[in-house]
Amino acid sequence: MHQIGIFVGEHGKWAFLHDIYADISARYKTVVFKETTYKTPLFSGRINRWATERQMRTILRESNVSFFDWASELLVPASHLPKTGAIITRLHSYELYVWAPKVNWDHVDKVILVSQHMHRKFVELYPNHAHKAEVVDNGVALDKFTPPTQRDFKLRLGMLCNIHPVKRIYETILSIYGLKQQGYQPHLTIAGGRWADGYFDDYLVSIQRLIEKLGLQNDVALVGFVKDTAAWLQTIDLFISNSYWEGQQVALVEAMAAGCYCLAPVSYTHLTLPTNREV
């Protein structure tokens with residue numbers, strides 16, 4: 001039986017791979033890379049880098065195919081190791097400018113992009129590797145979402161995202177304040193956790209201060225990580241995606257599948273959204 005090595009990383013990066021991995025692991029033998037961290041008083045950095053590279057080399061050598069979901073911090077070192085088997089990666093969005101310049105694309109056999117727009121961007125930057133690029137749109141399991149027969153509109157607004165400047169949460173809260181000033185009574189629920197390792201915590205603090213300064217404590221709620229997305233989507237009328245940069249946002253596709261009204265920037269016209277269900 002062929003073996004597939006799976007490289008994902010930590011800090012919630014599995015969010016978009018659970019269903020795909022369940023299918024792959026049911027068909028093939030799989031081995032998942034798990035970073036080992038040694039807490040030693042001396043030379044812990046060197047020891048951990050050695051351990052990480054050693055495990056990475058072993059999986060790459062013993063796997064017929066190695067799949068990297070996110071072309072980021074794991075793909076970079078792996079792509080610079082001696083090539084032993086096929087490497088496939090899925091590039092979502094932010095990696096295109098943050099990590100992709102560091103990747104040795106000569107050692108990558110296939111690049112999966114999540115939208116036609118991301119495909120064009122990748123080809124523009126790496127024309128010599130255009131033949132490796134394929135588009136596989138993000139999808140969601142429709143049986144997990146049940147749109148109501150009738151959805152009332154009570155200005156119950158929602159955002160589902162990590163607390164990250166690219167999501168433009170701050171600007172959305174300012175819009176809520178503007179609606180209040182015009183006599184409307186909106187309520188915004190922001191579901192999502194902190195960015196990994198405390199990055200952008202200053203952005204979270206600025207959001208909390210904005211809510212307080214504008215007196216929106218009863219109008220804007222930060223509820224943190226939501227485990228049952230389908231149930232949470234039934235508590236809102238309108239899903240807001242205000243990001244200035246996305247590949248193909250899974251949360252937006254889930255909101256459509258749940259029958260929510262959706263509001264997104266015009267730049268999202270490049271996205272391929274589900275057409276097999278009216279929402």
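Residue indices follow the written sequence of each chain, beginning from 1 at its first position. Side-chain atom pairs in this predicted model are given and counted only at pLDDT of 80 or more, local residue features only at pLDDT of at least 70, and totals for whole chains, interfaces and linings cover all residues. For side-chain calculations, the full set of non-hydrogen atoms in the structure is used, while hydrogens and water are omitted.

K.L.:
Hey, could you run me through the packing of aromatic side chains in this one?
P.N.:
To describe a pair of aromatic rings, you give the distance between the ring centres and the angle between the ring planes. Classification of ring pairs rests on two measures: the distance between centres of Phe, Tyr or Trp rings, Trp counted by its six-membered ring, which must be within 6.5 Å, and the angle between planes, read as stacked under 30 degrees, edge-to-face over 60 and tilted in between. In this structure the tally under the stated criterion is 9 aromatic pairs. Between W14 and Y21 the ring centres are 5.3 Å apart and the planes differ by 85 degrees, which places this aromatic pair in the edge-to-face class. Each residue gets one of three labels from its accessible area relative to the maximum for its type: buried under 20%, exposed over 50%, partly exposed in between, using a 1.4 Å probe on protein chains only. Its relative accessible area of 21% is what places Y21 among the partly exposed residues. Relative to Y261, the ring of F153 lies with its centre 5.7 Å away and its plane at 85 degrees, an arrangement referred to as edge-to-face. Pair noted here: F153 is in the loop between β6 (133-135) and β7 (156-160) and Y261 is in strand β11 (residues 261-263), with a separation of 108 residues, a long-range link. By relative accessible area, Y261 is classed as partly exposed at 44%. A connected cluster of aromatic rings, assembled from ring pairs, spans F7, F33 and F68. For helices the rule is a DSSP run of H or I covering at least 4 residues; for strands it is a run of E covering at least 2, with both sets numbered from the N terminus onward.

K.L.:
Explanation requested: empty space enclosed by the protein in the structure shown.
P.N.:
A water-sized probe, rolled over the atoms, reveals where empty space remains. Points on a 1 Å grid, built from protein atoms alone, make a cavity when a 1.4 Å probe fits but cannot get out and make a pocket when they are open with protein on both sides within 12 Å along at least 5 of 7 lines; residues with an atom within 4 Å of a point are the lining residues. Grid points are joined across faces, edges and corners, and a volume is the space filled by probe spheres set on the points. Under the criterion given, the structure shown has 1 cavity of 30 Å³ or more. Counted as a void, the largest cavity has a volume near 70 Å³. Forming the boundary of the largest cavity are 14 residues, of which L60, K83, T84, G85 and I87 lie nearest the centre. Breaking the lining of the largest cavity down by element, the ones donating at least two residues are β3 (65-69) and β4 (86-91). Split by residue class, the lining of the largest cavity holds 7 nonpolar, 6 polar and 1 charged. Throughout, the ten residues Ala, Val, Leu, Ile, Met, Phe, Trp, Tyr, Cys and Pro are labelled nonpolar, Asp, Glu, Lys and Arg are labelled charged, and all others, Gly among them, are labelled polar.

K.L.:
What should I look at first to understand the pattern of salt bridges in this one?
P.N.:
Where charged atoms from two side chains of opposite charge come close, those side chains can pair. A side-chain nitrogen of Lys or Arg and a carboxyl oxygen of Asp or Glu constitute a salt bridge if their distance falls within 4 Å. Summed over the entire model, instances satisfying the criterion amount to 9 salt bridges. A salt bridge links D219 to K180, with the nearest nitrogen and oxygen atoms 3.3 Å apart. Of the two residues, D219 is situated in the loop between α7 (201-213) and β9 (220-224) and K180 in helix α6 (residues 169-181); the sequence distance between them amounts to 39 residues. Looking at D219, the relative accessible area reads 9%, which means it is buried.

K.L.:
Which parts of the structure should I look at to understand the sheet that holds β6?
P.N.:
What holds strands together in a sheet is hydrogen bonding between their backbones, with the strands either parallel or antiparallel. Read across the open sheet, the 6 strands follow the order β2-β1-β3-β4-β5-β6; overall the sheet is parallel. With partners counted over all chains shown, the strands left at the sheet margins are β2 (29-32) and β6, one partner each. For this sheet, the mean inter-axis angle between neighbouring strands, taken without regard to orientation, is 25 degrees. Pairing between two strands requires that DSSP report at least two bridges joining them. Of the strand pairs in this sheet, strand β1 (residues 3-7) and β3 are connected by 4 bridges, and their pairing is parallel. In the strand pairing of β3, G5 is matched with S66. Of the strands in this sheet, β1, β2 and β4 touch helix α1 (residues 18-27), which is tilted by about 135 degrees from β2. Lines fitted to the C-alpha atoms define the axes, with helices restricted to the stretch that makes contact. Angles between their N-to-C directions range from 0 to 180 degrees. Contacts are residue-level and defined by heavy atoms, with any inter-residue pair within 4.5 Å sufficient.

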